[in-house]
Amino acid sequence: MKLLPVVFSLAAVLVFNACRNNDDEGSSGKADLELSFEAIAGKPEIGDEVNFQINLYNRGPMAADGVTVENRLPAGYRLTGAGAGGADTGEGTVRWQGLSVGADETISLTFTAVAEKLFGDAQFTHLAQVAASNQSDPDSSPGNIEGTPREDDEAALALSPRAAQVTLNFKAFYGSDPLVMFGREYAYEDNMALQMQLFQFYLSDVRLLKGQDGETLTDVALISYGNVYTDEEAAEGKSPAPAVAPPGTYTGIEFGFGLTPELNATIPPDYPLGHPLSENYWDAAGSYIFFKFEANADLEADGNFSEKLTFHVGGNSNYRKLAFDKPITLEDGEERTLQFNIDLRRILVDQNTGAYLDFRQVMQSHSNESPSATFMADHVLDAIDME
Ligand SMILES: [Ca+2]
Ligand SMILES: [Ca+2]
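Residues numbered from 1 in each chain as written. Chains lettered and ligands numbered in written order. Predicted model: local features only at pLDDT ≥ 70, side-chain atom pairs only at ≥ 80, totals over all residues.

### So, the overall build of the protein chain
Working step 1: For the protein chain, the helix and strand inventory stands at five helices and 23 strands.
Working step 2: Here the C-alpha atoms of the protein chain give a radius of gyration of 31 Å, more than 25% beyond the 21 Å that 2.2 N^0.38 yields for 387 residues.
Working step 3: Taken over the C-alpha atoms alone, the protein chain extends approximately 105 × 35 × 35 Å along its principal axes.
Working step 4: When each of the 387 residues of the protein chain is scored for burial, the buried share is 35%. (Helix = DSSP H or I, 4+ residues; strand = E, 2+ residues; numbered from the N terminus. Rg over C-alpha atoms; globule rule 2.2 N^0.38 Å. Buried ≥ 20, exposed ≤ 12 C-beta atoms within 10 Å, placed from the backbone.)

### Topic: the sheet that holds strand β7 (residues 106–115)
Working step 1: One open sheet accounts for four strands, arranged β1-β2-β7-β4; its pairing is antiparallel. Lying at the two open borders of the sheet, with one neighbouring strand each, are β1 (31–37) and β4 (77–82). Mean inter-strand twist for the sheet, computed between neighbouring axes without regard to direction, equals 30 degrees. (Pairing = 2+ DSSP bridges. Axes fitted to C-alpha atoms, helices over the stretch in contact; angles between N-to-C directions.)

### Topic: the pairing of strand β21 (residues 335–343)
Working step 1: Of the pairings in the sheet, the one linking strand β10 (residues 164–174) to β21 comprises nine bridges and is parallel in character. Its bridge partner lying in β21, Phe170 is registered against Phe340.
Working step 2: Alignment of β21 against strand β23 (residues 384–386), held across three bridges, turns out to be antiparallel. When the bridges of β23 are listed, Phe340 appears paired with Met386.

### Let's talk about the domain arrangement of the protein chain
Working step 1: Domain annotation of the protein chain identifies domain 1 (10–18 + 30–158) and domain 2 (164–386).
Working step 2: Each of domain 1 and domain 2 has a C-alpha centre, and the two are 50 Å apart. (Domains from an automatic or database assignment.)

### A closer look at unusual backbone geometry
Working step 1: That bond from Gly60 to Pro61 is cis: its omega, 10 degrees, falls within 30 degrees of zero.
Working step 2: Summarising the element assignment, Pro61 is placed in strand β2 (residues 49–61).
Working step 3: A positive phi angle is found at Asn280, which is not glycine, with a value near 65 degrees.
Working step 4: Among the secondary structure elements, Asn280 is positioned in the loop between α3 (261–264) and β17 (281–282).

### Observations regarding the environment of Phe359
Working step 1: Residue placement: Phe359 occurs in the loop between α4 (344–348) and β22 (364–365).
Working step 2: According to the C-beta neighbour criterion, Phe359 is buried, with 23 such atoms within 10 Å.
Working step 3: Once the C-alpha coordinates of Phe359 and Ala193 are considered, the two residues, 166 residues apart in sequence, prove to be 9.9 Å apart.
Working step 4: Setting aside residues no more than four positions away along its own chain, Phe359 makes contact with Met192, Ala297, Leu299, Glu307 and Leu309. (Contact = placed C-beta atoms within 7 Å.)

### Looking at the nonpolar core
Working step 1: Within the largest apolar cluster, 88 residues are counted, with the highest numbers of intra-cluster contacts made by Val69, Leu179, Phe290 and Leu344.
Working step 2: Among the elements that take part in this core, strand β13 (residues 193–210) stands out by supplying eight residues, more than any other.
Working step 3: Counting the residues that make up this core, at least three belong to each of domain 1 (10–18 + 30–158) and domain 2 (164–386). (Core = buried A, V, L, I, M, F, W, Y, C linked by C-beta atoms within 7 Å.)

### Topic: the environment of Val101
Working step 1: Its location among the elements puts Val101 in strand β6 (residues 93–101).
Working step 2: Given 23 C-beta atoms within 10 Å, Val101 falls into the buried group.
Working step 3: C-alpha of Val101 to C-alpha of Gly60: the two residues are 41 residues apart in sequence and 9.2 Å apart in space.
Working step 4: When neighbours within four sequence positions are excluded, Val101 is seen to be in contact with Leu56, Asn58, Ala63, Ala64, Val67 and Ile107.

### Side note on the sheet that holds β6
Working step 1: Taken together, five strands build an open sheet; the order of strands is β5-β6-β3-β8-β9 and the sheet is antiparallel. The open sheet has two edge strands with one neighbour each: β5 (86–88) and β9 (154–158). Adjacent strand axes in the sheet meet at a mean angle of 20 degrees, parallel and antiparallel pairs treated alike.
Working step 2: Two strands pair when backbone bridges link them, and strand β8 (residues 125–132) and β9 are joined in this way by five bridges, in the antiparallel orientation. Residue pairing in the sheet places Thr125 in a bridge with Ala158 of β9.

### Some details on helix α5 (residues 371–383)
Working step 1: Its 13 residues give α5 an end-to-end C-alpha distance of 18 Å, which sits within 8% of 18 Å, the value for a rise of 1.5 Å per residue.
Working step 2: Listed in full, the buried residues belonging to α5 are Ala373, Phe375, Met376, Ala377, His379, Val380 and Ala383. (Expected span 1.5 Å × (residues − 1).)

Right, here's the structure in full:
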């Protein structure tokens with residue numbers, strides 16, 4: 001009776017199994033279920049929809065039904081469809097329930113998911129397991145997966161798309177000197193001098209360029225040098241969080257200095273604490289402050305840095321877009337840093353005409369339309385170089 005081939009209808013199997021279960025409670029297993037992923041050749045591109053196939057094999061000797069299989073998608077994959085019998089549980093898991101698998105039968109379970117912007121391997125492992133079965137199994141238990149598969153009713157498939165990681169880094173200077181807060185004295189025009197207190201700016205809509213299209217790297221980031229106190233810290237520069245892009249050759253990169261009008265139409269309560277746009281808003285002007293330059297100035301050349309300079313610049317009219325035409329080729333798996341240098345002096349002093357912000361005349365800007373605000377915004381393009 002034990003090796004009776006399973007040729008009964010499902011109903012018959014159920015009755016048969018019920019009897020067997022009653023007779024042989026606690027005996028050795030009757031349906032050895034095994035799970036595996038069908039191998040996938042090559043890596044997808046970011047944005048590709050990938051067909052995944054899980055094979056559920058019953059090594060026998062008996063049929064199993066009431067079988068549930070679950071696949072858990074890793075973060076970075078977006079489920080787009082579950083094959084026959086599968087359902088999206090809404091928690092990144094595809095579940096197939098009520099499966100019947102005869103002895104020596106393989107059932108294929110499929111689903112599709114889109115690879116989003118992922119970089120790296122380990123965390124992009126799909127995990128699948130037999131979550132339930134009405135039969136006992138000689139070498140595995142349903143529903144007990146804990147990370148890395150340990151049993152033959154559990155399976156994993158690591159698949160990350162072709163991707164590169166891109167980090168923008170901005171080093172700040174005052175002329176040829178590194179820009180540091182407080183300690184250092186910077187000689188300015190006409191025998192004036194500065195000691196820095198703060199320099200910060202927003203970047204927005206950072207995109208790699210390719211033909212008519214672009215690849216957005218970062219929507220918005222705040223770069224601040226307010227905690228840069230030493231030349232060593234200045235030499236490290238400041239970077240937004242790394243971004244992920246498809247490998248390939250790009251013709252250049254562009255970004256906004258300040259905030260796009262769309263972003264500038266939002267307000268801090270739209271964002272959680274810690275988000276770059278949760279602060280630096282200027283209610284009276286209805287604008288974020290795109291960049292801040294604060295310093296103490298010695299205007300009489302007497303060694304006393306007693307005058308406070310406060311230039312806060314915002315307003316859509318002071319948003320500036322910068323583009324750098326420079327081929328950038330990214331390889332799969334590459335971690336690339338794109339190096340930019342920003343020279344504060346070039347924001348304050350026109351390199352062609354010698355015109356400069358005269359701190360003896362103006363020591364603050366709290367208006368989007370003030371000449372000093374526009375002067376600084378107009379000189380941002382001269383102040384940033386890409387290495
Ligand atoms: Ca098994
Ligand atoms: Ca298991």
